[in-house]
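# Structure assessment
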Amino acid sequence: MTVALQHIGGERREGRGEEVHVILDPSTGEEVARGTGASAADVDEAVAAARTAFGDWSRRTPGERSEAMHAWARILGSRAEELSALESRQGGKPIRLARGFDIPGVVDNVAFFAGAARNLEGKASAEYSGDHTSSIRREPIGVVGSIAPWNYPLQMAAWKVLPAVAAGNTIVLKPSELTPLTSLIFAETAEEAGIPAGVINVVTGSGLAVGDPLISHPDVDMVSFTGSTAVGRQIGAKAAGQVKKVHLELGGKAPFVVFADADVEAAARGAVAGALINTGQDCTAATRVYAHADIFEVLTARIAELMGQVTIGAAADEATELGALISLAQRDRVAGMVDRARETGAQVLCGGRVPAEAPEGTAFYEPTLVIGAAQDSEIVQDEVFGPVLVALPFETDDEAIRLANDTPFGLAASAWTGSVFRAQRASREIQAGCVWINDHIPIISEMPHGGYKASGFGKDMSQYSLDEYTQVKHVISDITGADHKEWHDLIFTAES
Ligand code: NAD
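Residues numbered from 1 in each chain as written. Predicted model: local features only at pLDDT ≥ 70, side-chain atom pairs only at ≥ 80, totals over all residues. Heavy atoms only, no water.

### Let's talk about the pattern of salt bridges
Spelled out, the test is: The term salt bridge refers to a side-chain nitrogen of Lys or Arg lying within 4 Å of a carboxyl oxygen of Asp or Glu. Secondary structure elements follow DSSP: runs of H or I of four or more residues count as helices, runs of E of two or more count as strands, with numbering from the N terminus. Residue burial is assigned from relative accessible area. The probe radius is 1.4 Å, only protein chains are included, and a residue is buried under 20% of its type maximum, exposed over 50%, and partly exposed in between.
In total, this model carries 36 salt bridges according to the counting rule given. Salt-bridge contacts for Asp-42 lead to Arg-13; the nearest nitrogen and oxygen are separated by 3.5 Å. Taken together, the positions of Asp-42 in helix α1 (residues 40-57) and Arg-13 in strand β2 (residues 11-13) put the pair 29 residues apart, joining distant regions of the chain. Residue classification places Asp-42 among the buried residues on the basis of a relative accessible area of 0%. A salt bridge links Asp-56 to Arg-60; its shortest N-O distance comes to 3.0 Å. Ionic contacts of the salt-bridge type, sharing partners, join the residues Glu-11, Arg-13, Arg-16, Asp-42 and Glu-45 into one network.

### Considerations on the packing of aromatic side chains
Applied cut-off: Here is the rule: rings of Phe, Tyr and Trp (six-membered ring for Trp) pair when centre to centre is within 6.5 Å. Planes less than 30 degrees apart are stacked, more than 60 are edge-to-face, and the remainder are tilted.
Summed over all chains, the structure comprises 6 aromatic pairs. Pairing Trp-150 with Phe-385 gives two aromatic rings, centres 5.6 Å apart and planes at 75°, and the pair type is edge-to-face. In this pair, Trp-150 sits in the loop between β6 (143-147) and α5 (153-166) while Phe-385 sits in the loop between α12 (378-381) and β15 (388-394), placing the two residues 235 residues apart along the sequence.

### A word on a negative patch on the surface
For clarity, the cut-off: Patch membership requires more than 30% relative accessible area and the absence of a salt bridge. Residues of like charge join within 9 Å; the nonpolar side chains Val, Leu, Ile, Met, Phe, Trp and Tyr join within 5 Å. Note on areas: these come from Shrake-Rupley sampling with a 1.4 Å probe, and a residue is covered only by the protein chains present in the view. Just so you know, the count uses Lys and Arg for positive and Asp and Glu for negative, and it drops His and the chain ends. Positions of charges follow a simple convention, taking NZ of Lys, CZ of Arg, CG of Asp or CD of Glu.
A grouping of Asp-131, Glu-486, Asp-489 and Glu-495 is seen on the molecular surface, where their side chains present a negatively charged patch. Here Glu-495 lies in the segment after β19 (470-478). The exposure class of Glu-495 is exposed, given its relative accessible area of 70%.

### A look at the nonpolar core
The following threshold applies: Only buried residues count toward a nonpolar core. Its members are Ala, Val, Leu, Ile, Met, Phe, Trp, Tyr and Cys residues joined through side-chain atoms within 4.5 Å. By the convention used here, residues are in contact when the closest approach between their heavy atoms is within 4.5 Å.
Of all hydrophobic cores here, the largest spans 59 residues; its most connected members are Met-69, Trp-72, Phe-186 and Ile-200. Elements supplying a minimum of two residues to this core: β4 (30-36), α1, α2 (62-78), α4 (95-116), α5, β7 (170-174), α6 (181-192) and β8 (200-202). Non-local contacts of Phe-186, meaning those with residues more than four positions away in its chain, are made with Trp-72, Leu-76, Val-106, Val-110, Leu-154, Ala-157, Ala-158, Val-161 and Leu-162. Core analysis: the next-biggest nonpolar cluster, separate from the first, contains 32 residues, Ala-335, Val-384, Val-388 and Ala-400 among them.

### Some remarks on the packing of α2 against α5
As a reminder, the rule being used: Angles here are taken between N-to-C directions and fall from 0 to 180 degrees, while the axes themselves are lines fitted to C-alpha atoms, restricted in helices to the stretch in contact. Under this scheme an angle from 65 to 115 degrees is roughly perpendicular, one under 35 degrees roughly parallel, and one over 145 degrees roughly antiparallel; angles in between are oblique. Classes in brief: Ala, Val, Leu, Ile, Met, Phe, Trp, Tyr, Cys and Pro nonpolar; Asp, Glu, Lys and Arg charged; the others, Gly included, polar.
The N-to-C vectors of α2 and α5 enclose an angle of 150°; their axes lie 10 Å apart at closest approach. Taken as axis vectors, α2 and α5 run roughly antiparallel relative to one another. Where α2 abuts α5, its residues Arg-65, Met-69 and Trp-72 lie against Val-161, Leu-162, Val-165 and Ala-166. For the contact of α2 with α5, the class distribution of residues is 6 nonpolar, no polar and 1 charged.

### Overview of the packing of helix α13 (residues 397-404) against helix α14 (residues 420-429)
Under the convention used in this document: Crossing chirality is assigned from the near helix's rotation relative to the far helix, an anticlockwise turn below a right angle marking it left-handed and a clockwise turn marking it right-handed.
Packing of α13 against α14 leaves a shortest axis separation of 11 Å and a crossing angle of 30°. It follows from the interaxial angle that α13 and α14 lie roughly parallel. Judged by the sense of rotation from one axis to the other, the crossing of α13 with α14 is right-handed. Contact with α13, carried on its side by Asp-397, Asp-398 and Ile-401, involves Arg-422, Arg-425, Ala-426 and Glu-429 of α14 and no other residues of that element. Each residue belonging to the contact of α13 with α14 can be placed in one class, and the counts come to 2 nonpolar, no polar and 5 charged.

### Observations concerning the pairing of strand β10 (residues 245-249)
For clarity, the threshold we go by: Two strands are counted as paired when DSSP detects at least two bridges linking them.
In terms of burial, β10 is largely enclosed, as 4 of its 5 residues are buried. Bridge count between strand β9 (residues 222-226) and β10: 5 bridges; the pairing is parallel. Each residue of the ladder has a partner; that of Thr-226, found in β10, is Glu-249. With 2 bridges joining them, β10 and strand β18 (residues 456-457) adopt antiparallel strand pairing. Bridge pairing in β18 places Leu-248 opposite Phe-457.

Right under this line is the structure:
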């Protein structure tokens, strides 16, 4: 089925670029849709539409913006089943995940930002100098160019679009060319809800053909990006060259620290769910279990047992717990990392292979637990982005914290313990944008999500993300009415 993959100035239309994008369900190998990517001229038109819409949208009252966003949340909620099915098919994501997490999360996010639009914060106006009244204006930045990944297509689009438009900006979003379908419906439903055409534009294409011209466009005022650290570095460098504000949400390699006093059964269940969610293609997924030596064996045995019970299958099948990876290329990348770990002395306690019964053209990989890898090896240091967990033992609390912090990433982490002191110490000393205690994965619209270190900077979700998409202006008004102000004495006297 051929579909139009662009939404520009309120019009859904075909791209005029050179690329044809085939959107697949990697859990069946079936084609879901195909369409033509955007051209540089399409990107220009999308940016121009966003610029034109900015004048009106940025001057709407927060209440008006909020009302449209509340209506949008209701429309999305009424189409949740259709959106879940599409989100599931275009990435091979189990339907239970799309229905239970992706789409409800987006609807809740829209409702949250509808409220947040009316709640911009700042310092009190006052006469800080004595002779002037100072006040703060928090203003939208202008046209935002956003790039999103394929792992949670609609959630990632929402995390970029919602704070931007709630704050009065307009946006051109480039979803991943592998998963653009729900982002296009997102833009259409925004307009049905009363958000004017041109406020949200979607251009689909590859990073080089569409992403690069978008972020480099002279009329794009701010760049926001969610994706890998490697691409984030390039985008950050380009934005810096043009002195554009940039928000980067990048890769992760979350540690999962299990102290000797932890509930081992809870930790084992948490590790399996936290590692396998979205087939491990989650930037906050549990990836490195550090367990105290006293419980290491019992914990890893239980994790392997639970991993072995997970049902792998087609995305649309209600019984499927673990879906496919996004592509055969991603599956082969994951397999290559596990194979190299094996070759360098690590042991694979379970999984570590493509399921024997996987149909041709599908991208499945078994839930995998690796032990005995070196802390400085690839499988411990680099993002695998697959259903693969590595476990290593530790002896002391100091060592656990040191190992947890010993990768370039800092997006998320968890600590498992029955001790309030250990929990507080881990919260303080683990360098990550989120630290869970006795859990791993839950996120909420009211609280920020964003990285430390090479996981990027800036926050998605929550009131903090409105800060990313606004700029602060100081307005300072003389209240003396005097011709000669006291500070003029620095240059000339009142008698001059
Ligand atoms: P990716 O970096 O390959 O691509 C992300 C997006 O950037 C895609 O839309 C892609 O087309 C585009 N792109 C690629 N090269 C580009 C270039 N040179 N210029 C402009 N755009 C370009 O990442 P991915 O494989 O789509 O997603 C997986 C990555 O995203 C993982 O590293 C994951 O950790 C990360 N991620 C991070 C978060 C977070 O919140 N920190 C959330 C989800 C995913």
